[in-house]
Amino acid sequence: MGGEATRRPWGICRIMSRLLVFALQLLIVTVAVLVGAEIAGRVQLIPRALLNLPAVDFSAADTREVVRIFVIACGLAFLANRLISGWDVFDEPRRTAKEIYALVVGVVAAALWLFFLTGINFSPELLLDASVIALLLHLAAFVALGVARRRGARIGGFFAHLLGLLSKPAVWAILLFATSPIVVAYTFTQSRDFANWVTNLRLSANLDDDTPYVIVNALGATTFETPIMAQFADGDPSTLYVLERNGRLYRVDYPSGANKTLLLDLRDGVGYVEMENGALGFDLHPEFGREGSPSAGFVYVYYTEYRADSQTNRLNRYDISLSDEPARTASALPLIAQRRDNDGYHNGGSVEFGPGGFLYLAVGEASMEECHNRIDCALVGGILRIDVDRRGGSVSRPIARQPRNGETANYFIPLDNPYAGNRQALGEFWAHGLRNPFRIAFDPANGNLWAGEVGSTVWEEVDRIERGGNYQFPFIEGRQAQQGFAPPDPVMGTPRGPVLTYRHTAFLRSVIGGIVYRGSRIPEARGRYVFLDNYSGQVMTIPASGEAVEDFTIIARSRDVAQRGPTSFAVAPDGAILITVMGDNDNPTGIVGRLEPADSDA
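Residues numbered from 1 in each chain as written. Predicted model: local features only at pLDDT ≥ 70, side-chain atom pairs only at ≥ 80, totals over all residues. Heavy atoms only, no water.

A. Representation of the side chain of Glu 461 in the model. By the secondary structure assignment, Glu 461 is in strand β19 (residues 459–465). Despite its burial, Glu 461 remains without a salt bridge, the nearest opposite charge being carried by Arg 479 at 8.2 Å. Among the polar contacts made by the side chain of Glu 461, one reaches the main-chain amide nitrogen of Gly 478 at a distance of 2.8 Å. Among residues more than four places away in sequence, those in contact with Glu 461 are Ala 451, Gly 452, Glu 453, Glu 477, Gly 478, Pro 498, Leu 500, Thr 501 and Val 511. (Helix = DSSP H or I, 4+ residues; strand = E, 2+ residues; numbered from the N terminus. Buried < 20%, exposed > 50% of the residue type's maximum accessible area, 1.4 Å probe, protein only. Lys, Arg positive; Asp, Glu negative; His and termini not counted. Salt bridge = Lys/Arg side-chain N within 4 Å of Asp/Glu carboxyl O. Polar contact = N/O pair within 3.5 Å; in protein donor to acceptor, adjacent residues only side chain to side chain. Contact = heavy atoms within 4.5 Å.)

Okay, here's the thing in structure tokens:
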């Protein structure tokens with residue numbers, strides 16, 4: 001009886017000791033993730049030559065979810081290893097070495113869970129940082145417990161067994177498994193098909209597909225190769241003009257999709273289409289199709305000319321009233337040629353005629369840091385406004401200043417532009433301090449100009465663009481001041497903030513500016529600004545009052561997302577909301593879509 005009573009407390013103590021060790025390991029994982037999330041944006045352990053990804057910002061809620069997933073995944077890996085290798089984790093060097101490989105399995109499983117099934121931004125740097133910290137803390141626990149139990153540090157034995165286990169096939173399988181997050185992240189950046197599949201998986205795991213509208217092909221069975229933008233000419237409700245990202249402009253009957261006709265082929269000028277390059281926007285002259293007007297055939301196209309060693313952003317005018325495609329393409333009249341570094345990012349892309357017949361062009365900052373928030377440098381990072389008709393007199397004057405690394409010609413500067421009278425400035429600027437304004441549009445009811453402003457690593461913006469407005473990139477993103485970027489002295493223009501900001505997730509991260517809808521065919525959109533996110537494919541609305549708001553309403557979602565996703569809006573004369581969806585980059589699977597009620601037969 002006495003021996004049994006003596007053994008029972010010893011057994012309870014052993015169970016408690018094992019539970020405490022398990023709790024210690026979960027605490028180690030928690031601390032490793034918290035510290036890793038804190039330093040991931042500042043410490044670069046992964047060489048950029050191997051994987052060049054932007055720093056990832058984590059909110060408090062994101063960090064809590066990452067900790068939860070890591071604790072669950074690593075806890076299951078630790079329990080599985082206990083069933084295989086025994087419970088006394090820190091008693092012997094060989095057993096502790098085995099636990100390190102279990103830790104690797106848990107961390108990698110957590111990383112894959114985060115990447116595929118959550119909306120949290122994926123960070124390979126966090127994965128590596130947390131792994132290194134957790135390994136070091138496990139080693140520290142092994143040493144500390146060994147000293148406490150008077151068994152010595154035995155560090156040499158630990159590393160000897162850690163390396164010795166490499167003779168086991170199971171360990172090599174674990175190490176191969178450990179490379180999978182890096183392989184997955186790299187493939188995601190290189191393959192449109194994989195990125196599209198992963199983004200759809202994330203969306204399915206995190207969002208409800210129950211939206212009031214769906215996107216159907218507005219042109220029957222007619223498809224395009226990466227359609228980037230579509231427009232109607234004033235007074236012609238039966239003809240739609242569609243620009244493909246590769247540089248081809250088509251005319252097609254609306255809504256049948258019949259008589260698809262090639263008008264321009266700028267592929268030789270566009271060159272290599274990747275990143276954010278290609279043909280990006282176009283508009284038809286306000287007098288397009290007007291009999292007797294010298295501008296009746298004019299179309300204005302903005303595209304990037306991308307070569308192996310150079311990139312130039314170009315705005316050209318073409319006359320598509322000419323008899324054949326070669327003649328139309330050869331009719332190019334250059335207006336703007338802005339050379340830039342050839343990294344391919346932040347080119348902007350909207351071309352829109354606005355009130356008064358002036359042409360507005362949205363241009364990104366083109367990675368030209370030396371020209372950030374400046375109006376005296378290059379034609380980047382803002383909204384330009386020019387007089388393509390060169391009216392002169394009391395309306396406009398000739399160009400007075402050339403941009404850095406660029407040439408401009410064949411238009412005038414409107415005299416009521418905010419910097420038209422400043423000889424030290426480029427008079428084309430209507431507003432500046434923007435990073436990558438992708439799609440602008442005027443409210444047909446009041447002429448207000450709206451833009452989608454693609455953000456960096458944290459925030460996306462919707463802005464209402466005002467004359468002389470400074471939207472404060474790079475020293476403010478969203479509504480937050482950015483470390484390392486001081487405002488210029490003096491700040492030119494009037495500082496303006498966004499109407500809406502939303503924070504990046506793994507699938508909500510690339511705003512596309514839209515339209516203010518004044519029709520009646522889509523009741524949920526009437527009187528609202530309709531925009532979308534390219535990565536998630538979500539079509540969203542906010543009030544069109546221009547007052548700042550905190551949230552949006554989702555009314556539809558594209559099946560194609562990420563690098564295959566939607567790129568622009570147009571309102572058809574019949575009141576339909578049209579959306580271009582790029583589709584496959586190498587096959588004509590893109591469409592001009594139309595919003596239809598989800599319960600309709602369309």
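The structure having been displayed, the exposition proceeds.
B. A look at unusual backbone geometry. Between Tyr 254 and Pro 255 the backbone carries a cis peptide bond, its omega angle lying at 5 degrees. Note that Pro 255 resides in the loop between β4 (248–253) and β5 (261–265). Cis geometry is adopted by the peptide bond preceding Pro 474, which originates at Phe 473 and carries an omega value of 10 degrees. Mapped onto the elements of the fold, Pro 474 is located in the loop between β20 (469–470) and β21 (476–477). In the Ramachandran plot, Thr 226 falls in the positive-phi region, its phi being about 50 degrees despite a non-glycine side chain. A residue is classified by how much of its surface remains accessible, and Thr 226, at 4% relative accessible area, is buried. In this structure, His 346 takes a positive phi of about 65 degrees despite not being glycine. Tracing the sequence through the fold places His 346 in the loop between β9 (333–340) and β10 (351–353).

C. Local environment of the environment of Leu 284. Relative to the elements of secondary structure, Leu 284 occurs in strand β6 (residues 279–284). On a C-alpha basis, the gap between Leu 284 and Gly 297 in space is 8.2 Å, while along the polypeptide they are 13 residues apart. Once residues within four sequence positions are removed from consideration, Leu 284 is found in contact with Phe 232, Ala 233, Tyr 241, Phe 298, Val 299 and Phe 353.

D. Structural view of the nonpolar core. Formed by 96 residues in total, the largest nonpolar core has its most connected members in Phe 531, Val 539, Ile 542, Ile 577, Ile 579 and Leu 595. The greatest single-element share of this core, amounting to 13 residues, is contributed by helix α3 (residues 93–117). Filtering out sequence-adjacent residues up to four positions away, Val 539 remains in contact with Ile 215, Val 530, Phe 531, Leu 532, Thr 553, Ile 554, Ile 555, Ala 556, Phe 569 and Ile 579. One finds Leu 335, Ile 375, Leu 379 and Ala 425 within the second-largest nonpolar core, a separate group that totals 24 residues. (Core = buried A, V, L, I, M, F, W, Y, C linked by side-chain atoms within 4.5 Å.)

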